[in-house]
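This is what each chain is made of:
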Amino acid sequence: MDLPTIAPEARAARPRITPVRSSRNSVNLVEVAPGVDYLTVGFVNLYAVGDVEQGWILVDSGLLGTAAFTRSAIGRRRGPRARPHAIVLTHGHFDHAGSAYALAEEWDVPVYAHRLELPYLTGRSDYPPQDPTMGGAIAQMSRAFPHSGFDLGRRVHPLPDDGSVPHAPGWRWLHTPGHTHGHVSLFRDSGRVLIAGDAFATMDMDSWTSHLTEREELDRPAAPFTTDWGAARRSVEELAGLEPAVVAAGHGVPMRGPGVAAALHGLAARFPVPPHGRYVHSPARADEGGITELPPPVPDPLPLRLAGAAVLAGAAFAVARRRG
Ligand SMILES: [Zn+2]
Ligand SMILES: [Zn+2]
């Protein structure tokens, strides 16, 4: 499969786009669009979607151990007794589903995800191993991240086949595979609001600087965890076709404005597939039971470099001792 690659410096500027105020380092939810608030928990965004009076849902749940923080932040904006009618997961990665069970138990609500994501949310399968070999910030960080699934037991259910989102009238879910097999995005025609999960990011996850500055830009999803790049590109094309006016992803500050749709079309047209990596030329395959086929691992230069550095450091130490 020949997919185009692009150097980071070639990623185009985006006119007429306004970042939403950052929610990082804040205990308060920030409004993205009417009825849509977001909260950054660590490095991942959660979305409270819908009206407090008429019912609302939480989209994604954050890292394991963050449930209490999320509940108190939501309580601060939506009222101390506020609780959603459901939790909807864009996918089951550790940063999006880590607190799903704790929140679902505390609120006594169901969790919904795509049918193809259920193997990783019912304890049947782990995710394909991440591939850190393409380099960049998120690739290096991913070495410390898990690729294990969760077991949400009786709490988790498949999303309805008709594309509706339970307890979120006006919203529909779209199957946007590529990052994971059962990844979904959520779209509301009113205001053309797109919650994209990890179908793409609104920051450059490969840049160490961007992780600090939250510089806003449309970019590919977290590369080490993306296991089908052809599908990932097609998903971004489909999402661009919705002509969103607001894009709210799992990572990065949400963005809005008349230039957003054109920028997303631009991302789809020059989708920055990594030049090399385990899943770049052949995807991982999976079905409703979990992984069915994995491409073989690719050589990882870092352990060799670490070993080389250790040998050099040891030799330098030995020489220093002899001289000393
Ligand atoms: Zn993910
Ligand atoms: Zn993520």
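Going by the structure above, here's the rest.
1. Things to note about the packing of helix H1 (residues 67-78) against helix H3 (residues 100-107)
Contact pair H1 / H3: the axes reach a minimum separation of 9 Å and the direction vectors enclose 50 degrees. Put simply, H1 runs oblique to H3. Of the two elements, H1 crosses H3, and the hand of that crossing is right-handed. Where H1 approaches H3, its residues Ala 67, Thr 70, Arg 71 and Ile 74 are matched on the opposing element by Ala 102, Leu 103, Glu 106 and Trp 107.

2. A few points about the coordination of the zinc ion (ligand 1)
Here the zinc ion (ligand 1) is held by the protein donor atoms His 91 (NE2), His 93 (ND1), His 179 (NE2) and Asp 198 (OD), which lie 2.1 to 2.4 Å from it. Around the zinc ion (ligand 1) sit four donor atoms, and with donor-metal-donor angles ranging over 89 to 175 degrees the site reads as irregular. Of the residues examined, His 91 reaches a relative accessible area of 0% and is grouped as buried. The exposure class assigned to His 93 is buried, which follows from its relative accessible area of 5%.

3. Re the pairing of strand S4 (residues 44-51)
A large share of S4 lies buried, amounting to six of its eight residues. Summarising the sheet, strand S3 (residues 36-41) and S4 pair through six bridges and their orientation is antiparallel. What sits directly across from Asp 37, in S4, is Ala 48. Counting the residues between successive antiparallel strands, the hairpin from S3 to S4 contains two residues, one of them, Gly 42, with a positive phi of roughly 70 degrees. As defined by bridge partners, S4 adjoins strand S5 (residues 55-59) across five bridges and the pair is classed as antiparallel. Along S5, the bridge assignment pairs Ala 48 with Leu 58. Where S4 hands over to S5, the hairpin turn is made up of three residues, counted between the paired strands.

4. Describing the sheet that holds strand S13 (residues 255-256)
With respect to topology, six strands assemble into an open sheet ordered S1-S13-S12-S11-S10-S9, the strand pairing being mixed. Of all strands in the sheet, those bounded by a partner on one side alone are strand S1 (18-19) and strand S9 (171-175). Pairing geometry for strand S12 (residues 246-249) and S13, over two bridges, is antiparallel. If you follow Val 246 over to S13, its bridge partner there is Arg 256.

5. Describing the nonpolar core
Ranked by size, the top nonpolar core spans 35 residues in total, and within it Leu 58, Ile 87, Leu 89, Trp 107, Val 111, Leu 121 and Leu 152 carry the most contacts. Per-element tally for this core: the top contributor is H3, with four residues. In terms of nonpolar packing, the next biggest core, distinct from the first, is built from 30 residues, Phe 187, Ala 199, Ala 223 and Leu 242 among them.

6. Topic: the coordination of the zinc ion (ligand 2)
Within the first shell, the zinc ion (ligand 2) binds the protein through Asp 95 (OD), His 96 (NE2), Asp 198 (OD) and His 251 (NE2), at distances of 2.1 to 2.3 Å. Between the four donor atoms coordinating the zinc ion (ligand 2), the angles at the centre fall across 87 to 157 degrees, so the site counts as irregular. Along the chain, the residues donating to the zinc ion (ligand 2) fall in the pattern D-H-x101-D-x52-H.

7. Some thoughts on the pattern of salt bridges
Tallied over the full model, the rule gives 13 salt bridges. Here Arg 143 ties to Asp 300 by a salt bridge, and the two come within 2.7 Å at their closest N and O atoms. Pair noted here: Arg 143 is in the loop between helix H4 (137-142) and strand S8 (156-158) and Asp 300 is in the loop between strand S15 (290-293) and helix H8 (301-323), with a separation of 157 residues, a long-range link. Classification of Arg 143 as partly exposed rests on a relative accessible area of 33%. Here Asp 300 falls in the partly exposed class, since its relative accessible area comes to 24%. Residues joined by salt bridges that share partners form a network here, namely Glu 105, Asp 108, Arg 154 and Arg 155.

8. With respect to the side chain of Ser 99
Position of Ser 99 relative to the elements: it lies in the loop between helix H2 (94-97) and H3. Here the side chain of Ser 99 touches Leu 63 through a polar contact of 2.6 Å, landing on its backbone oxygen. A polar atom in the side chain of Ser 99 sits 3.3 Å from the side chain of Thr 66. Those residues within four positions of Ser 99 in sequence are excluded, and the remaining contacts are Ser 61, Gly 62, Leu 63, Leu 64, Gly 65, Thr 66 and Ala 67.

9. With respect to H3
Within H3 the residues assigned to the buried category are Ala 100, Leu 103, Ala 104 and Trp 107. Viewed along the axis of H3, the buried residues span an arc of 100 degrees, placing them on a single side of the element. Summarising the contacts, the buried residues of H3 are in contact with S5, H1, strand S6 (86-88), H2 and strand S7 (111-113). Of the residues trailing H3, Asp 108 is marked for its positive phi of about 55 degrees.

10. Some thoughts on the pairing of S5
Most of S5 sits out of view: five of its five residues are buried. Side chains Gly 55, Ile 57 and Val 59 project from S5 onto one buried face, and the interleaved Trp 56 and Leu 58 project onto a second face that is buried too. In terms of strand pairing, S5 meets S6 through three bridges, oriented parallel. Paired with Ile 57 across the bridge in S6 is Ala 86. As for the winding sense of the linkage, the β-α-β connection from S5 through H1 to S6 is right-handed.

Basis of the calculations
Residues numbered from 1 in each chain as written. Chains lettered and ligands numbered in written order. Predicted model: local features only at pLDDT ≥ 70, side-chain atom pairs only at ≥ 80, totals over all residues. Heavy atoms only, no water. Axes fitted to C-alpha atoms, helices over the stretch in contact; angles between N-to-C directions. Helix = DSSP H or I, 4+ residues; strand = E, 2+ residues; numbered from the N terminus. Parallel < 35°, antiparallel > 145°, perpendicular 65-115°, else oblique. Left-handed = near helix turned anticlockwise from the far one by under 90°. Contact = heavy atoms within 4.5 Å. Donors = N, O, S within 2.8 Å, 3.2 Å for Na, K, Ca; no water. Tetrahedral: all angles 85-135°; square planar, octahedral: opposite > 155°, others 65-115°. Buried < 20%, exposed > 50% of the residue type's maximum accessible area, 1.4 Å probe, protein only. Pairing = 2+ DSSP bridges. Core = buried A, V, L, I, M, F, W, Y, C linked by side-chain atoms within 4.5 Å. Salt bridge = Lys/Arg side-chain N within 4 Å of Asp/Glu carboxyl O. Polar contact = N/O pair within 3.5 Å; in protein donor to acceptor, adjacent residues only side chain to side chain. Arc of directions from axis to C-beta. Right-handed = clockwise from strand over helix to strand, strands pointing away.

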